[in-house]
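Remarks on the overall topology
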Amino acid sequence: MAKMFLSERDSISKKRAREKLAKHTDSNFEFLCQIPAPTYLLAKRLYTNTPYVPDAYSLKPSAEFLEALRVTPAGGYIASMEVESLFTNVPVDETIQMILDKVYRDPDTPPLNIPEHALRALLEICTKKAPFSDHRGRMYTQIDGVAMGSPLGVLFANFYMGTVEERVFQNSSKPRMYVRYIDDTFVSADSQEEIERLRRGFHDHSCFSFTIEHCQDRRLPFLDVLVEQQVTRFRTNVYTKPTNLGMCMNGKSECPERYKHSTISAFVRRALSHCSPWRDTHSELERTAQVLVDNGH
């Protein structure tokens, strides 16, 4: 039985878990809540935005990806790489050592005001020794990998991937464009062969398997953006999956009005930010207006 450990407040982890569950519809999944775990609050304290995480290629909002596209010429070949099961395959001991080396032995960052052995112990307690109980009262521990929903999940994933990226690009040239959001990477290179060499480099320097999604007719979806290569620049639009049923918060629901207003604002902001030519913006606003009408707004 496959298990996913979810925080009720971790929107990124819940989104990723739904995507993973959709890929394994025949599997028997059990979802365990992490909130009651005694190490949960400690893990939240350890997860802070610090200068230690190697984030030279890491994206946060979609706006950063769109800005990177605007300043990158559209020549070459585009594709995306995905890490297979990143969270559950992160090597915990190796990542903890990466963190300690960065915090205490990197001359470019100041060390923390706690002993190294204490930080190591705290990280191990929140990862390798964190107990979980399910609705039947059975106890589990995560012996390797990072539980999806753990406050340290994104930190460990980004730290490991960021360190691997530094090692890969020390030994090989960087492609035209390389950006990553957690376990999804957008690459623009001179050729398809260069992207395959990059995939092999990441495979050789990590414990992960990487899959490549190639562009079709010079178009490639990445995050919620549909990227299209033109002669000199990239054209962008909002990407909706073929399985999208056009559902959102119902306008006649009992939710507070501010939530309904936020739903409408999010649709409008995304259309204005993601669509590069105005005609695409107009088409997306018309589409989302119909979606909102269909959902009672």
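Residues numbered from 1 in each chain as written. Predicted model: local features only at pLDDT ≥ 70, side-chain atom pairs only at ≥ 80, totals over all residues. Heavy atoms only, no water.

Things to note about a nonpolar patch on the surface
Let me state the cut-off plainly: Residues enter patches when they are more than 30% accessible in relative terms and free of salt bridges; like-charged ones are connected within 9 Å and nonpolar ones (Val, Leu, Ile, Met, Phe, Trp, Tyr) within 5 Å. Computed with a 1.4 Å probe, the accessible areas rest on the Shrake-Rupley method; for each residue, only the protein chains presented here act as cover. Any carboxyl oxygen of Asp or Glu that lies within 4 Å of a side-chain nitrogen of Lys or Arg is treated as forming a salt bridge with it. By the criteria applied, helices consist of DSSP H or I runs no shorter than four residues and strands consist of E runs no shorter than two, each listed in order from the N terminus.
Among the surface-exposed residues, Ile-264, Val-268, Leu-272 and Trp-278 lie close enough to one another that they form a single nonpolar patch of about 390 Å² accessible area. Here the nonpolar patch takes 3 residues from helix α9 (residues 257-274), the largest share from any one element. Following the sequence through the fold, Val-268 ends up in helix α9.

Observations concerning the packing of helix α5 (residues 92-105) against helix α6 (residues 116-127)
Filter applied, for reference: Under this scheme, a helix contributes an axis fitted over its contacting stretch, all axes are lines through C-alpha atoms, and angles between N-to-C directions fall in the 0 to 180 degree range. Here roughly perpendicular refers to angles of 65 to 115 degrees, roughly parallel to angles under 35, roughly antiparallel to angles over 145, and oblique to all remaining angles. In a left-handed crossing the near helix is turned counterclockwise from the far helix by less than a right angle, and in a right-handed crossing that turn is clockwise. Here a residue-residue contact requires only that any non-hydrogen atoms of the pair lie within 4.5 Å. Gly falls in the polar group here, along with every residue not listed as nonpolar (Ala, Val, Leu, Ile, Met, Phe, Trp, Tyr, Cys, Pro) or charged (Asp, Glu, Lys, Arg).
Between α5 and α6, whose axes approach to 10 Å, the crossing angle comes to 150°. In terms of axis orientation, α5 runs roughly antiparallel to α6. Crossing handedness for the pair α5 and α6: right-handed. Residue-level inspection shows Val-92, Ile-96, Gln-97, Ile-99, Leu-100, Tyr-104 and Arg-105 of α5 in contact with α6, the latter providing Glu-116, Leu-119, Arg-120, Leu-123, Glu-124 and Thr-127. Among the residues forming the contact of α5 with α6, the class breakdown is 7 nonpolar, 2 polar and 4 charged.

Digging into the confidence of the model for the chain
Formally: What pLDDT expresses is the predictor's confidence in each residue, scored from 0 to 100.
Averaged over every residue, the pLDDT of the chain is 84; residues scoring 70 or more account for 86%. Below pLDDT 50 for its whole length, residues 1-14 participates in 46 contacts with residues either more than four positions away or in separate chains.

Details of α9
Counting along an α-helix, one turn takes 3.6 residues, and residues three or four places apart therefore face a common direction. Going by this rule: Here a helix's expected span is defined as the number of its residues, less one, multiplied by 1.5 Å. Only protein chains enter the accessibility calculation, which uses a 1.4 Å probe; a residue is then buried when its area is under 20% of its type maximum, exposed when over 50%, and partly exposed in between. Taking the helix axis as origin, the arc is that swept by the directions to the C-beta atoms.
Relative to the 26 Å expected for 18 residues at 1.5 Å per residue, α9 spans 26 Å between its end C-alpha atoms, a close match to the ideal helical length. Listed in full, the buried residues belonging to α9 are Lys-260, Thr-263, Phe-267, Ala-271 and His-274. Burial along α9 is one-sided: seen end-on, the buried residues are contained in an arc of 105°. When the buried face of α9 is taken as reference, the exposed residues oriented beyond 90 degrees from it are Arg-258, Arg-269 and Leu-272. In this structure, the buried side of α9 is in contact with α3 (62-70), β10 (225-229), β11 (234-238) and α10 (278-294).

Looking at the sheet that holds strand β7 (residues 184-189)
Inclusion rule: Here, strands pair whenever DSSP counts at least two bridges between them.
Pairing is antiparallel across the open sheet formed by 4 strands, whose spatial order is β6-β7-β3-β8. Two strands in the sheet have a free side with no partner beyond their single neighbour: β6 (177-181) and β8 (210-214). The mean inter-strand angle of the sheet, taken between neighbouring strand axes irrespective of direction, is 20°. Where strand β3 (residues 77-83) meets β7, 6 bridges bridge the pair, whose relative direction is antiparallel. Considered in β7, the bridge of Ala-79 is made with Val-187.

Here we look at the pairing of strand β9 (residues 219-222)
The alternating pattern of β9 places Leu-220 and Phe-222 on a buried face, while none of Arg-219 and Pro-221, on the opposite face, is buried. Here 4 bridges tie β9 to β10, and the two strands are oriented antiparallel to one another. Pairing of Leu-220 across the sheet is with Val-227, part of β10. In textbook terms, the turn of a hairpin is the stretch between consecutive antiparallel strands, and for β9 and β10 this stretch comprises 2 residues, one of which, Leu-223, has a positive phi near 55°.

Overview of the pattern of salt bridges
This structure, assessed with the given rule, holds 15 salt bridges. Between Lys-260 and Glu-257 there is a salt bridge, with its nearest N and O atoms 3.3 Å apart. Highlighted residues: Lys-260 and Glu-257, both in helix α9, separated by 3 residues, approximately one helical turn. Residue classification places Lys-260 among the buried residues on the basis of a relative accessible area of 7%. Residue classification places Glu-257 among the partly exposed residues on the basis of a relative accessible area of 48%. Between Arg-287 and Glu-284 there is a salt bridge, and its shortest N-O distance comes to 2.8 Å.

Describing unusual backbone geometry
Of note in the backbone geometry, Arg-218 takes a positive phi value of approximately 65° without being a glycine. Tracing the chain through its elements places Arg-218 in the loop between β8 and β9. Although it is not a glycine, Leu-223 adopts a positive phi angle of roughly 55°. Looking at the element boundaries, Leu-223 is found in the loop between β9 and β10.

Some words on the packing of α9 against α10
Look at α9 against α10: their axes get within 9 Å of each other, and the N-to-C directions meet at 160°. On the basis of the axis angle, α9 is roughly antiparallel to α10. In terms of crossing hand, the pair formed by α9 and α10 is right-handed. Side by side, α9 and α10 meet where Thr-263, Ile-264, Phe-267, Val-268, Arg-270, Ala-271 and Leu-272 of the first sit next to Trp-278, Thr-281, Glu-284, Leu-285, Arg-287, Thr-288, Val-291 and Leu-292 of the second.

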